[in-house]
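# Descriptive analysis of the structure
Chain residues, written in single-letter form:
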Amino acid sequence: MTPKSAAAAARATVYGYPRQGKSRELKKAIEGYWKGRVDADALRTTAADLRRTNWQQLADAGIHEVPTGDFSYYDHVLDTTVMVGAIPERHRTAVELDALDGYFAMARGTQDVAPLEMTKWFDTNYHYLVPELGPDTVFATDSTKQVAELKEALALGLTARPVLVGPVTYLLLAKPAPGVSADFEPLTLLDRLLPVYAEVLADLRAAGAEWVQLDEPALVQDRTPAELNATTRAYRDLGALTDRPKLLVASYFDRLGDALPVLAKAPVEGLALDFTEAAAANLDALATVGGLPGKRLIAGVVDGRNVWGNDLTKSLATLGTLLGLADRVDVAASCSLLHVPLDAAAERDIEPQILRWLAFARQKTAEIVTLAKGLAQGTDTIAAELAANRADLASRAGSALTSDPAVRARAAAVTDAAARRSQPYDERTVAQRAHLGLPPLPTTTIGSFPQTAELRTARADLRARRIDRAGYEERIKAEIGEVISFQEKTGLDVLVHGEPERNDMVQYFAEQLTGYLATQHGWVQSYGTRYVRPPILAGDISRPEPMTVRWTTYAQSLTSRPVKGMLTGPVTMLAWSFVRDDQPLGDTARQVALALRDEVNDLEAAGTSVIQVDEPALRETLPLRAADREAYLAWATEAFRLTTAGVRPETQVHTHMCYAEFGDIVRAIDDLDADVISLEAARSHMQVARELAEHGYPREAGPGVYDIHSPRVPSTAEAAALLRKGLEAIPAERLWVNPDCGLKTRGWPETRASLENLVGAARTVREELAGS
């Protein structure tokens with residue numbers, strides 16, 4: 001096909017779409033099912049309605065080929081685990097008794113059975129359920145979900161393309177099952193898994209699929225020759241099948257590197273590649289390998305992870321270059337639109353001109369359709385759209401919101417000394433222990449306590465003016481009083497105020513900093529039914545006034561025990577926001593760090609002796625390619641130290657991280673120079689404690705002994721067993737006892753019981769140590 005005819009054939013498509021619905025109907029239905037208020041049939045009806053609405057919106061917007069199979073009750077990787085029959089033995093009975101309840105048991109656990117481990121989906125804030133595999137794993141095909149959803153879309157008269165997690169990525173995301181040697185490599189199961197994928201592909205073809213998309217984002221990471229050879233074998237075997245649809249292999253989030261020639265030569269009919277800024281090298285690399293003659297290319301030129309409007313002229317230039325490199329070029333976002341909110345038009349509190357800078361899923365769909373039309377029919381057919389796009393880009397570039405000279409001057413004046421504590425840790429810890437007087441194995445929580453319906457109602461009442469500010473603050477004071485009283489009675493050593501006034505750990509601060517925009521309806525899935533509204537980092541950042549000092553000092557006035565000041569760190573403020581794309585991330589991080597430094601110093605001046613600056617996203621934002629990591633970690637760790645380095649030696653600085661692979665960043669954790677770090681460890685059975693020990697981490701650490709993302713209550717014996725395992729790696733004088741993460745999403749009954757058991761476990765192990 002010539003470039004001209006390739007352009008004429010250009011179509012618009014997407015890889016996935018937000019699942020939750022306009023008003024988070026899916027979240028409400030699933031949580032209603034868990035609570036017994038919604039039955040299984042009603043839940044399935046809600047899900048089917050949402051799928052139909054999504055597909056119809058996409059088709060009405062001009063999307064020529066809609067995705068199926070991307071919809072999920074909880075997580076698409078968990079759906080893949082069900083599809084290939086890799087059910088952990090401990091969940092098999094539950095799944096056999098009731099597939100839906102068993103599915104949720106794998107995701108959330110039960111009182112008697114632990115869930116699958118949860119971790120970040122590459123460098124996003126989406127979490128997936130980690131497959132557990134071993135040498136005895138037996139795969140079995142179950143394509144029920146994938147076939148049913150394809151048939152639903154085809155019944156609507158739509159052209160549909162099923163989307164599956166690819167076999168190589170599925171195995172590379174997996175971990176050895178409990179009891180299996182840590183040296184076991186799930187990729188060795190590839191030959192056992194491929195026949196299952198062959199059966200799924202045959203089932204989808206029989207159901208009417210012309211194309212099936214196999215997502216292989218793991219191939220944008222550094223891969224070994226053995227892993228690349230496995231990829232070659234996988235797609236050689238799948239490509240050789242006679243009873244299959246056409247295959248489209250998709251990658252996203254970064255450049256493909258050495259995997260590109262492997263996929264370009266594979267006997268598949270198409271590739272989908274990311275051509276946004278993060279993966280710009282794919283363009284030259286594709287030319288270097290000779291393009292994709294005879295194949296379909298889906299070009300991801302619209303950023304599927306951020307909310308800024310596309311530069312249509314620039315994207316059209318990229319698409320024009322690609323026309324000579326493939327048999328057919330179609331247009332898409334760089335990845336699934338799962339990672340952005342649904343519709344910017346729903347926002348009523350953002351200035352109309354600024355709103356025009358933004359593109360959520362529905363607006364990105366329109367951009368994709370516009371680009372496909374321009375590519376197929378010529379730019380004259382989209383002249384009005386191009387003119388409006390140029391005006392919006394110019395409006396943003398020239399806005400006073402994006403540049404504050406005072407903020408830029410302060411950031412430029414930062415010295416290396418400003419990001420270093422005045423004394424080394426060995427000296428600080430002596431001062432802190434004398435000042436705080438804590439027992440061995442001190443107990444604490446991560447920060448938040450349950451956000452009750454009463455608290456959410458109070459915030460809603462304040463927004464609706466059903467109560468005044470004074471009435472709202474009385475409710476907050478009462479909640480803080482109850483949280484402090486409970487912690488004292490339970491026996492916790494370092495307390496928190498519970499954060500009843502906070503809506504979200506990033507949004508709360510973003511709403512008080514200049515340069516941020518807040519949304520009312522910008523919900524994005526983090527995991528399961530947990531949705532967040534990431535703020536939009538639009539301009540230069542500063543802190544007009546203290547943000548947390550009042551409530552922290554109020555809580556401290558109620559107790560003689562230390563109360564932690566609680567802040568969200570600069571890297572997490574970026575990672576869990578939609579960041580500006582018009583300056584380096586490191587520059588933005590420094591601005592945020594300086595604003596937070598002012599808050600840290602004000603907390604200390606108000607008498608706060610323990611200050612926690614959470615950085616759960618430090619690992620999540622780690623570049624996918626090793627070559628890019630040193631530069632990232634340099635500015636990320638500097639930003640944290642810049643936030644915290646201004647306090648006195650006796651002030652104890654904590655940080656917190658959760659649900660990520662920490663082994664890759666242990667040296668960076670050390671470079672943060674925090675006095676204490678708390679980490680997720682319960683689901684991974686204290687793996688992080690061992691990683692810290694292997695690194696020789698010299699500071700205090702609290703690997704979690706209570707998995708807060710499951711509703712089950714860990715017993716005292718269970719928490720004590722985890723604590724003893726932690727002591728195998730970290731000496732008692734440096735070991736803290738705490739949950740994995742904050743308790744915001746938990747209910748009060750399970751929180752009370754779990755924390756009482758946690759304190760009981762610490763007491764038990766202290767007595768053991770004293771008697772040994």
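It should be noted that the structure appears before, not after, this text.
Scope of this entry: the structure provided in the associated data block. (Residues numbered from 1 in each chain as written. Predicted model: local features only at pLDDT ≥ 70, side-chain atom pairs only at ≥ 80, totals over all residues. Heavy atoms only, no water.)

What follows concerns the overall build of the chain. Of the regular secondary structure elements, the chain holds 29 helices and 20 strands. Here the C-alpha radius of gyration of the chain, 26 Å, is about what a compact globule of 772 residues would show, namely 28 Å. Within the chain, buried positions represent 61% of all 772 residues. By sequence separation, contacts in the chain at least 24 residues apart represent 80% of the contacts at least 6 residues apart. Surface exposure of the chain reaches about 28400 Å², of which carbon and sulfur atoms provide 51%. Between the mean site of the 84 positive side-chain charges and the mean site of the 104 negative ones, the chain shows a separation of 3 Å. (Helix = DSSP H or I, 4+ residues; strand = E, 2+ residues; numbered from the N terminus. Rg over C-alpha atoms; globule rule 2.2 N^0.38 Å. Buried < 20%, exposed > 50% of the residue type's maximum accessible area, 1.4 Å probe, protein only. Contact = heavy atoms within 4.5 Å. Areas by Shrake-Rupley, 256 points an atom, 1.4 Å probe, with all protein chains shown as cover. Lys, Arg positive; Asp, Glu negative; His and termini not counted. Charge placed at Lys NZ, Arg CZ, Asp CG, Glu CD.)

All chains considered together, the criterion is met by 17 aromatic pairs. Look at Phe71 and Tyr73: their rings are 6.4 Å apart centre to centre, the planes differ by 75 degrees, and that puts the pair in the edge-to-face class. Pair check on accessibility: Phe71 and Tyr73 agree, each one buried. Of the aromatic side chains, those joined through ring pairs into one cluster are Tyr33, Trp34, Phe71, Tyr73, Tyr74, Tyr103 and Phe104. Note that Arg296 overlies the ring of Trp211, its terminal NZ or CZ placed 4.7 Å from the centroid. In this structure, Lys477 packs its charged tip against the face of Tyr554, placed 5.6 Å from the ring centre. (Phe/Tyr/Trp six-rings, centres within 6.5 Å; stacked < 30°, edge-to-face > 60°. Lys NZ or Arg CZ within 6 Å of the ring centre and 35° of its normal.)

Attention now moves to unusual backbone geometry. One non-glycine residue, Leu441, lies in positive phi territory at about 50 degrees. Its place among the elements puts Leu441 in the loop between helix 18 (425–436) and helix 19 (453–463). For Leu441, a relative accessible area of 0% corresponds to the buried category. Its identity is not glycine, yet Asp673 carries a phi of approximately 65 degrees, on the positive side. You can see Asp673 is positioned in the loop between helix 26 (666–671) and strand 19 (676–679).

Take the sheet that holds strand 8 (residues 246–250) next. One open sheet accounts for seven strands, arranged 1-5-7-8-9-10-11; its pairing is parallel. A single partner strand is all that each edge strand has here, and the edge strands are strand 1 (66–68) and strand 11 (326–333). Strand-to-strand twist across the sheet, computed as the mean angle between neighbouring axes with direction ignored, equals 25 degrees. Here strand 10 (residues 292–302) pairs with strand 11 via seven bridges, running parallel. Looking at strand 11, one finds that Leu292 is bridged to Ala326. Lying over the sheet, helix 9 (residues 190–206) contacts strand 5 (160–165), strand 7 (211–215) and strand 8, oriented at roughly 165 degrees with respect to strand 5. (Pairing = 2+ DSSP bridges. Axes fitted to C-alpha atoms, helices over the stretch in contact; angles between N-to-C directions.)

In this section: the pattern of salt bridges. All chains considered together, the criterion is met by 56 salt bridges. Arg328 is paired through a salt bridge with Asp330; the nearest N and O atoms lie 3.0 Å apart. Judged by its relative accessible area of 24%, Arg328 is partly exposed. Note that Glu768 and Arg724 form a salt bridge whose closest N and O atoms lie 2.8 Å from each other. On the criterion of sequence distance, the pair formed by Glu768 in helix 29 (residues 748–771) and Arg724 in helix 28 (residues 716–727) is long-range, its members being 44 residues apart. For Arg724, a relative accessible area of 34% corresponds to the partly exposed category. (Salt bridge = Lys/Arg side-chain N within 4 Å of Asp/Glu carboxyl O.)

So, about the side chain of Thr588. By secondary structure assignment, the location of Thr588 is in helix 24 (residues 585–605). The contact partners of Thr588, leaving out residues within four places of it in the chain, are Leu537, Leu574, Arg580 and Gln583.

In an α-helix, one full turn covers 3.6 residues, which means residues spaced three or four apart are oriented alike. When the terminal C-alpha atoms of helix 28 are compared, their 16 Å separation across 12 residues agrees well with the 16 Å that a helix rising 1.5 Å per residue should span. All of the buried residues in helix 28 are Ala719, Ala720, Leu722, Leu723 and Gly726. Seen end-on, helix 28 carries its buried residues on one side only, within an arc spanning 160 degrees. Of the surrounding elements, those touching the buried residues of helix 28 are helix 27 (687–695) and helix 29. (Expected span 1.5 Å × (residues − 1). Arc of directions from axis to C-beta.)

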